[in-house]
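# Coordinate analysis (summary)
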Amino acid sequence: MAIRPILVIPDPRLRAVADPIEAVDDDVRALARDMLDTMYDAPGIGLAAPQIGVMRRIVVMDLAKEGEEPAPMVLINPEILKVSEETQVTEEGCLSIPELYYEVERPAEVTVRYTDLDGKTVEVDAKERLAVCIQHELDHLDGVLYIDYLSRLKRDRVIKKFDKAAKRAAG
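Residues numbered from 1 in each chain as written. Predicted model: local features only at pLDDT ≥ 70, side-chain atom pairs only at ≥ 80, totals over all residues. Heavy atoms only, no water.

With 17 residues, the main nonpolar core has Met61, Leu75, Val112 and Ile134 as its most contacted residues. Among the secondary structure elements, those contributing two or more residues to this core are strand S2 (58-61), strand S3 (73-83), strand S6 (109-115), strand S7 (121-127) and helix H2 (128-141). By residue number, the principal contributor to this core is H2, which donates 5 residues. When near neighbours in sequence (up to four residues on either side) are disregarded, Met61 contacts Met39, Ile45, Gly46, Ala71, Pro72, Met73, Leu75, Leu130, Cys133, Ile134 and Glu137. Counting 15 residues, the second-largest nonpolar core is a separate cluster that includes Ile21, Leu31, Ala49 and Val54. (Core = buried A, V, L, I, M, F, W, Y, C linked by side-chain atoms within 4.5 Å. Buried < 20%, exposed > 50% of the residue type's maximum accessible area, 1.4 Å probe, protein only. Helix = DSSP H or I, 4+ residues; strand = E, 2+ residues; numbered from the N terminus. Contact = heavy atoms within 4.5 Å.)

Take a look at the structure:
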C-alpha cells in the first residue's frame with residue numbers, strides 16, 4: 001500500500017484514454033489499495049487511475065461523510081449504460097485541478113456496470129452525489145476533465161493558470 005503522487009493539469013496523461021483491464025489479479029487489487037490510500041490522503045471522494053499516471057480503466061470512490069463508516073467502491077472497466085434526461089447542477093472539484101470548484105450540469109441519474117475486485121459484474125443505479133461522482137471519475141478514463149463542461153472562457157482561464165504554474169515550477 002502506497003500513497004502515489006496525483007497528476008495536475010496540464011499533464012498530458014490526464015487527456016489520454018485509459019486501457020481496459022484484462023483480468024482482476026493481485027496487481028489490480030494492489031493498485032486499488034494504493035488508489036484508495038491516495039484518495040483518502042488527498043483527501044478526496046474519488047480517484048481514477050490516470051490521475052496517478054496509470055492508464056488503466058479503474059476508479060475508486062468513497063462518499064461516506066465525516067464521522068460515517070468508510071464505504072469504498074472500486075469500479076473496474078466501468079461503463080455508463082443509461083443516463084436520465086433530468087439533469088442536476090452541482091459544484092465539482094478535482095484532485096488534478098486543486099483548489100478550484102465550479103458548477104457543472106450533468107444527468108441526475110445514471111446506471112453503471114463494472115467489475116468488482118472479486119471479478120463479479122455489478123450494475124448500480126445511481127443518483128445525487130453518487131451519480132455525479134461516477135460521471136466525473138469515468139470521464140477521467142476517457143481523458144475528459146470537469147472543466148470541459150465549463151464555458152470556453154472559464155476553461156481557458158483555468159488552463160492558463162495551471163500552464164503558468166507548471167512553467168514556473170519547471171524553472
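Moving on from the model shown.
Take H2 next. One turn of the α-helix equals 3.6 residues, which is why residues spaced by three or four share an orientation. In this model, H2 (14 residues) spans 21 Å end to end at C-alpha, consistent with the 20 Å of a helix rising 1.5 Å per residue. Burial analysis of H2 places 11 of its 14 residues in the buried class, the great majority of the element. The set of residues buried in H2 consists of Ala131, Val132, Cys133, Ile134, Gln135, His136, Glu137, Leu138, Asp139, His140 and Leu141. Immediately beyond the C-terminal end of H2, within one or two residues, lies Gly143, with a positive phi of roughly 75°. (Expected span 1.5 Å × (residues − 1).)

In this structure, the amide linkage connecting Ile9 to the following residue, Pro10, adopts the cis form with an omega of 15°. Tracing the backbone through its elements, the reader meets Pro10 in the segment before helix H1 (26-41). With an omega of -15°, the peptide bond running from Ala42 to Pro43 counts as cis. Inspection of the secondary structure assignment puts Pro43 in the loop between H1 and strand S1 (46-48). Non-glycine residue Asn77 carries a positive phi angle of around 50°. Position of Asn77 relative to the elements: it lies in strand S3.

Before going further, it helps to spend a moment on the UniProt feature "binding site: Fe cation" (unreviewed entry) in the protein chain. The residues that UniProt annotates with the feature "binding site: Fe cation" (unreviewed entry) are Cys94, His136 and His140. The named residues occupy 47 residues along the chain; their greatest pairwise C-alpha distance, 10.3 Å, places them in one compact cluster. Relative to the elements of secondary structure, Cys94 occurs in strand S4 (residues 87-94). Residues within four places of Cys94 in sequence aside, it is in contact with Gln51, Leu100, His136, His140 and Tyr146. Inspection of the secondary structure assignment puts His136 in helix H2. Judged by its relative accessible area of 8%, His136 is buried. (UniProt positions renumbered as here; feature names shortened; annotations may be inferred.)

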